[in-house]
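Reading the structure
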Amino acid sequence: MSKPTDGSKPMQWLAGPAAQQAIGVIGAGTMGAGIAQVAAASGHPVRLLDLRAGAAAAAIAQTAQSLATLVDKGRLSAADRDATLARLSVCDSVAQMADAALVIEVIVENLEAKRKLLQEVEAVVAPTAVIASNTSSISITAIAGGLQQPHRVVGMHFFNPVPQMKLVEVVSGVETDATVAQAVFELARRWGKTPVHAKSTPGFIVNRIARPYYAEALALLQEQAALPATLDALARSAGFRMGPCELMDLIGHDVNYAVTQTVFDANYGDRRYMPSIVQKALLDGGRLGRKVGKGFYDGVPPTASALIEPAAIDADGESAAAAPAVPPLTLCGSSALARGLHAWMTQRGLAFTTDARTDWTGWRLGTGPTATQVHVTDGRTAMQLAAEQRCADLAVIDLPLLSDKTNAIAVAFAAGASDPARSQVRAALHACGWQAMELRDAPALWAARTICMLVNEGADAVHQGVCSEEAANLAMKLGTNWPHGPFEWLTALGVERVVAVLDHLHAFTRNERYRVSPLLQHRLWAARAAPLG
Ligand SMILES: NC(=O)c1ccc[n+]([C@@H]2O[C@H](COP(=O)([O-])OP(=O)(O)OC[C@H]3O[C@@H](n4cnc5c(N)ncnc54)[C@H](O)[C@@H]3O)[C@@H](O)[C@H]2O)c1
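A few points on the structure. None of these values were measured; they are calculated from a predicted model. (Residues numbered from 1 in each chain as written. Predicted model: local features only at pLDDT ≥ 70, side-chain atom pairs only at ≥ 80, totals over all residues. Heavy atoms only, no water.)

**Considering helix 1 (residues 30-41)**
For helix 1, which comprises twelve residues, the first-to-last C-alpha distance of 17 Å matches the rise-based estimate of 16 Å (1.5 Å per residue) to within 8%. The buried count for helix 1 comes to ten of twelve residues, which makes it a mostly enclosed element. Among the residues of helix 1, those classed as buried are Met 31, Gly 32, Ala 33, Gly 34, Ile 35, Ala 36, Gln 37, Val 38, Ala 39 and Ala 40. Directly beyond the C-terminal end of helix 1, a positive phi value near 105 degrees is found at Gly 43. (Helix = DSSP H or I, 4+ residues; strand = E, 2+ residues; numbered from the N terminus. Expected span 1.5 Å × (residues − 1). Buried < 20%, exposed > 50% of the residue type's maximum accessible area, 1.4 Å probe, protein only.)

As structure tokens, then:
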């Protein structure tokens, strides 16, 4: 069916004052209730419908309670609360949505159910009405495919809890009219949200770019490289609000596994998105996470300080052990990271010399041919580097300086490293203010492996036209509370290091999931060609 126009002017979607634009919300569960509240608070008359008798009324009663709490805390006036509640009404049929300028479906996550419902909606609303879906994983193109006018169907992907979470992914299917997506984008802004445009592809932006945060932790667990509590402590230390294992426990392994499976299937089994048998085992064993009281953890995850060896903690929980002697330190390399370490060590009052000629970044501990080498990871394992450098006393450390809060850092030793060398490395890290957390000698350890894969996924999303760089950064910071977006990390780490880490992971594991995004390869060659003018 052709797009309706008045013959000369383009269609005006969702224009005009909020009070004159009724919003239909179908599905009054967790998300629908929140969306209805936000729309009503922004001045729209809102019609709420649910299949289950009494569910819409219960959602409004629940909203009244949350608004009352805000009034009690002085964050909302009683008049605004009353006005918001007065705009919310219960419907008992789709036909009562006929005057809506926008209908958002927020029902069960099932393609057939959504298509059937939206066909009913399409039959009753005006040709100027926009039809939106809050689906978190189903293709907007597929949902719209069942309709007569797919150009006015768009994804409005809110995040839970809707009143608090700022992000809205505005998702366009193949047929979605750009003016419809833009009208919804501007509406979300008027609702106080931060919208980003996304193309309808598996996982949209957030659920796609976030996959490696879980997948690399699960892979490290499968490789027996670390315990969940160690990975969580390292993640918090790198500035993430929650570590990957505690976060999976919170989300629920059933939900997290299902999203991974959906993205994997939708990508025709691309190994980059492969679900993990570690997580499947948790599922099979009923360890679904916090909601059942057991997942990776039985109850509350241990804090990072609980991971410090008991002998090193005094009664107040402070580190009581005498700081081990720090060997003479030479800071090696001339990279931006080496310059960052220079500033960090200077700020901490450490005595050190520099050797900018080495082609790796890290430290030599001690002097002469027996000096211990500590390399900041570029994705090679400690054993690889020990063989290449012909140095038995060698350690690899994870990316430092990711956060001001860094108090722990992953370290791996070459198998032949002596006990004194291991103690020296721990002492040097301690002097920098970091607790050494030993991992098995896995390529790229935790932070480099995870963050470079997050950058890679973000780069592919942009390369494939799913979103812009700015949208990827915004979406990941607002949708997942990450300390930085993927392109901010790319700038901070430099494309050379990110590509080196991925290439070394790829070479070591021979797993195509670590293939470098074409966007990063273009950036790398552009950076190398830049001096040529
Ligand atoms: N929960 C989240 O964190 C979250 C986040 C983003 C997106 N989503 C998506 O939002 C949608 C709803 O999720 P939810 O968590 O609010 O689910 P929910 O189970 O809390 O609520 C769904 C509601 O829809 C009603 N319903 C089902 N079929 C219906 C129909 N045909 N007509 C009218 N009402 C119907 C149910 O009775 C229920 O009250 C799903 O598509 C989900 O993927 C959920």
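**A closer look at the nonpolar core**
One finds Ile 205, Phe 240, Trp 363, Trp 446 and Leu 520 to be the most contacted residues of the largest nonpolar core, which totals 126 residues. No other element matches the ten residues that helix 16 (residues 447-463) contributes to this core. Setting aside anything within four residues of it in sequence, one finds Leu 520 in contact with Val 455, Asn 456, Ala 459, Leu 490, Val 495, Val 498, Val 499 and Leu 502. Among the nonpolar cores identified, the runner-up in size contains 39 residues, and Val 25, Ala 39, Ala 101 and Val 130 belong to it. (Core = buried A, V, L, I, M, F, W, Y, C linked by side-chain atoms within 4.5 Å. Contact = heavy atoms within 4.5 Å.)

**Considerations on the packing of aromatic side chains**
Tallying each qualifying case throughout the model produces ten aromatic pairs. With a centroid separation of 5.9 Å and 80 degrees between ring planes, the pair formed by Phe 240 and Trp 446 is classed as edge-to-face. Taken together, the positions of Phe 240 in the loop between helix 9 (228-237) and helix 10 (244-251) and Trp 446 in the loop between strand 15 (435-438) and helix 16 put the pair 206 residues apart, joining distant regions of the chain. (Phe/Tyr/Trp six-rings, centres within 6.5 Å; stacked < 30°, edge-to-face > 60°.)

**Focus on the packing of helix 10 against helix 11 (residues 253-266)**
Two elements in contact, helix 10 and helix 11, have axes whose closest approach is 6 Å; the angle formed by their N-to-C orientations is 100 degrees. Put simply, helix 10 runs roughly perpendicular to helix 11. When helix 10 is examined against helix 11, the residues Met 248, Asp 249 and Ile 251 are found in contact with a partner set consisting of His 253, Val 255 and Asn 256. Partitioned by chemical class, the residues of the contact of helix 10 with helix 11 number three nonpolar, two polar and one charged. (Axes fitted to C-alpha atoms, helices over the stretch in contact; angles between N-to-C directions. Parallel < 35°, antiparallel > 145°, perpendicular 65-115°, else oblique. Nonpolar A, V, L, I, M, F, W, Y, C, P; charged D, E, K, R; others polar.)

**Re the sheet that holds strand 15**
On the basis of which strands lie adjacent, the open sheet formed by seven strands has the order 10-9-11-12-13-14-15 and mixed pairing. Both outer strands of the open sheet, strand 10 (352-355) and strand 15, are each paired with one neighbouring strand and no more. Here the average twist between neighbouring strands, direction ignored, is 30 degrees. Bridging between strand 9 (residues 329-332) and strand 10 involves four bridges; their strand directions are parallel. Counted as the bridge partner of Thr 330 is Thr 353 from strand 10. (Pairing = 2+ DSSP bridges.)

**Points about the layout of surface pockets**
Taken as a whole, the largest pocket encloses approximately 1200 Å³ of empty space. In terms of lining residues, the largest pocket is bounded by 39 residues, among which Phe 159, Asn 160, Asn 207, Ile 251 and Val 255 are the most central. Of all the elements in the fold, those that place two or more residues in the lining of the largest pocket are helix 1, strand 6 (153-158), helix 7 (206-209), helix 8 (211-222), helix 10, helix 11 and helix 17 (469-480). Of all the elements, helix 11 adds the most residues to the lining of the largest pocket, at five residues. In terms of residue class, the lining of the largest pocket is built from 21 nonpolar, 14 polar and four charged. (1 Å grid on protein atoms, 1.4 Å probe; cavity = no way out; pocket = protein on both sides within 12 Å on 5 of 7 lines; lining within 4 Å. Points joined across faces, edges and corners; volume = space filled by probe spheres on them.)

**Things to note about the environment of Ala 266**
Its place among the elements puts Ala 266 in helix 11. Once the C-alpha coordinates of Ala 266 and Ala 28 are considered, the two residues, 238 residues apart in sequence, prove to be 28 Å apart.

**Considerations on empty space enclosed by the protein**
As enumerated under the stated definition, the model contains two cavities of 30 Å³ or more in all. Space inside the largest cavity adds up to approximately 80 Å³. Those elements giving two or more residues to the lining of the largest cavity turn out to be helix 9 and strand 14 (408-413). Per-element accounting of the lining of the largest cavity gives the leading share, three residues, to strand 14. Here the residues of the lining of the largest cavity are counted per class, giving eleven nonpolar, two polar and one charged. As a volume, the second largest cavity reaches approximately 30 Å³. Forming the boundary of the second largest cavity are Arg 211, Pro 212, Ala 215, Glu 216, Arg 272, Tyr 273, Met 453 and Glu 457.

**Things to note about the site of the ligand**
Near the ligand lie 19 residues; those nearest to it are Met 31, Asp 50, Glu 109, Lys 114 and Ser 136. Within the side chain of Asp 50, an N or O atom sits 2.6 Å from an oxygen atom of the ligand. Within the contact set of the ligand, an oxygen atom lies 3.2 Å away from a backbone nitrogen or oxygen of Ile 107. Relative to its unbound accessible area of 840 Å², the ligand is 75% covered by the protein chains. Among the elements of the structure, helix 1 and strand 6 are those that each provide at least two residues to the shell around the ligand. Its residues placed into classes, the shell around the ligand shows seven nonpolar, eight polar and four charged. (Near = heavy atom within 4 Å. Polar contact = N/O pair within 3.5 Å; in protein donor to acceptor, adjacent residues only side chain to side chain. Areas by Shrake-Rupley, 256 points an atom, 1.4 Å probe, with all protein chains shown as cover.)

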